[in-house]
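# Chain and residue survey
Chain by chain, the residues:
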Amino acid sequence: MEDGVWLLPAPLTHRHYLDDPTADFDTMAVPEARLRIGVAHG
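What you see is a predicted model, and the numbers here were worked out from it, not measured in a lab.

The rules behind each value
Residues numbered from 1 in each chain as written. Predicted model: local features only at pLDDT ≥ 70, side-chain atom pairs only at ≥ 80, totals over all residues. Heavy atoms only, no water. Helix = DSSP H or I, 4+ residues; strand = E, 2+ residues; numbered from the N terminus. Contact = heavy atoms within 4.5 Å. Areas by Shrake-Rupley, 256 points an atom, 1.4 Å probe, with all protein chains shown as cover. Salt bridge = Lys/Arg side-chain N within 4 Å of Asp/Glu carboxyl O.

## Some words on the overall build of the chain
Helices and strands together make up the secondary structure of the chain, namely zero helices and two strands. Each of the three principal axes of the chain carries a C-alpha extent, and together these read 35 × 20 × 10 Å. Considering only contacts in the chain between residues 6 or more positions apart, those separated by 24 or more positions represent 59%. Surface summary for the chain: the accessible area is close to 3,800 Å², and the carbon and sulfur share equals 53%.

This is the structure in structure tokens:
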């Protein structure tokens, strides 16, 4: 990946997850990232 790109993880911690696992993306601290890519699976 190139500089300025940051991957935001959203791992599932339980088999059945009722909340939005990507909800924290808006508040995650990223070091001067110009492009944020959210990675979620579930």
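## Quick look at the pattern of salt bridges
The tally for this structure, following the rule as stated, stands at one salt bridge. The partner of E2 in a salt bridge is R34, with the nearest N and O atoms 2.8 Å apart. Here E2, found in the segment before β1 (5-10), pairs with R34, found in the loop between β1 and β2 (35-40); they are 32 residues apart in sequence, far enough to count as distant.

## As for the environment of H41
Mapped onto the elements, H41 comes out in the segment after β2. Residues H41 and A10, spaced 31 residues apart in sequence, show a C-alpha to C-alpha distance of 7.4 Å. Apart from the residues lying within four places of it in its own chain, the contact partners of H41 are A10 and L12.

Fair warning: the whole summary comes from geometry, so function is off the table for now.
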